[in-house]
Amino acid sequence: MKLSDLRLGQKASIVDFSKSEISIKLMEMGLIPGEVIYIEKFAPFGGPISIAVAGYSLSLRLNEAEHISVEVL
């Protein structure tokens, strides 16, 4: 499942990244495989999503979230 497919309030564990160009950027932001994330907010009209990861909030564009494979917990 992709991170962009999760619903508000769901928890998931990061499995992998589908695009290698963006994976380094995402890992620098704390999104590493095995990390547990929590969906906090969705911006309206296809805007960014807010997730909790490693004790802080992070906003991601939907096109970035589409490249993150997760496993729902």
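As the structure is a prediction and not an experimental result, all values here were calculated from the model.

Draft legend 1. Representation of helix α1 (residues 20-28). If you check which residues of α1 are buried, you get I22, S23 and L26. Take α1 and look down its axis: the buried residues cluster within an arc of 115°, on one side only. Turned more than 90 degrees away from the buried face of α1 sit S20, E21, I24 and E28, all of them exposed. Against β1 (11-17), β4 (56-60), α2 (62-65) and β5 (68-72) lie the buried residues of α1. G30, located one to two residues past α1, shows a positive phi value of around 100°.

Draft legend 2. Seen up close, the sheet that holds strand β2 (residues 36-42). Taken in spatial order, the five strands line up as β4-β3-β2-β1-β5 in an open sheet, and their pairing is antiparallel. The sheet is open, and its two borders are formed by β4 and β5, each paired with just one other strand. Sheet twist, expressed as the average angle between the axes of neighbouring strands with direction ignored, equals 45°. In this sheet, strand β3 (residues 49-53) lies alongside β2 in antiparallel orientation, the contact comprising five bridges. Its bridge partner lying in β3, Y38 is registered against A52.

Rules behind the numbers
Residues numbered from 1 in each chain as written. Predicted model: local features only at pLDDT ≥ 70, side-chain atom pairs only at ≥ 80, totals over all residues. Heavy atoms only, no water. Buried < 20%, exposed > 50% of the residue type's maximum accessible area, 1.4 Å probe, protein only. Helix = DSSP H or I, 4+ residues; strand = E, 2+ residues; numbered from the N terminus. Arc of directions from axis to C-beta. Contact = heavy atoms within 4.5 Å. Pairing = 2+ DSSP bridges. Axes fitted to C-alpha atoms, helices over the stretch in contact; angles between N-to-C directions.

Any functional reading would require information beyond the geometric quantities listed.
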